[in-house]
Amino acid sequence: MIGALEVLSDRDGAVVFGLVANDVLYAQMIEHLQAALGMSYAARLEHQLSRLDAARLFIDCSGLEAYEFPARNAIGRVLMTQRKRVASVSMLVRNRVVELGMQALAATPGGTMQVVSSRSDFVAELDRAAPLARRYV
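Residues numbered from 1 in each chain as written. Predicted model: local features only at pLDDT ≥ 70, side-chain atom pairs only at ≥ 80, totals over all residues. Heavy atoms only, no water.

1. A short note on unusual backbone geometry
Moving on, step 1. A positive phi is found at Glu 31, a non-glycine position, where the angle reads about 65 degrees.
Moving on, step 2. Topologically, Glu 31 is positioned in strand β3 (residues 24-33). (Helix = DSSP H or I, 4+ residues; strand = E, 2+ residues; numbered from the N terminus.)

Next up, the structure:
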């Protein structure tokens, strides 16, 4: 359902995510993305993508301080296996370590992912893709 965001969390971090337009998925990662939390989100992301044809993903990692490699790898595997269903991925990062990890993920073959550090650019692109998204996030 559009605008119904889900929250997955553990004691160190959280992921808030959901559909913000017919083909636009939004996620916000907060604090520390532990392996189990990242894998749980990856499973939910795969489920969401299985119901869409050409999804555009917007992932706000600006509040992410650190992540565990299994979490990042699980999300990366979903993006690779579901790449036919992913039209584009835009990630907002602020932390240099997180940025380097996401840049590595974006460098995969057939990459449809861009990593940006400008919140205004990220928000402008999200607004173009899903004009009502700010109502939900």
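Still more ground to cover, so stick around.
2. Focus: the pairing of strand β4 (residues 55-67)
Moving on, step 1. Pairing analysis gives nine bridges linking β3 to β4, with the strands arranged parallel. Bridged to Leu 25 within β4 is Leu 57.
Moving on, step 2. Examined bridge by bridge, β4 and strand β5 (residues 86-93) share seven bridges and lie parallel to one another. Its bridge partner lying in β5, Cys 61 is registered against Val 93.
Moving on, step 3. Once the chain exits β4 it traverses helix α2 (residues 69-81) before rejoining the sheet at β5, and the crossover so formed is right-handed. (Pairing = 2+ DSSP bridges. Right-handed = clockwise from strand over helix to strand, strands pointing away.)

3. A word on the sheet that holds strand β1 (residues 6-9)
Moving on, step 1. In spatial order, the strands read β1-β2-β3-β4-β5-β6; together these six strands make up an open sheet with mixed pairing. Of all the strands in the sheet, the pair left with one neighbour each is β1 and β6 (113-116). Direction aside, neighbouring strands of the sheet carry axes that sit 15 degrees apart on average.
Moving on, step 2. Pairing of β1 with strand β2 (residues 13-21), which is carried by four bridges, proceeds in the antiparallel orientation. Bridge pairing in β2 places Leu 8 opposite Val 15. (Axes fitted to C-alpha atoms, helices over the stretch in contact; angles between N-to-C directions.)

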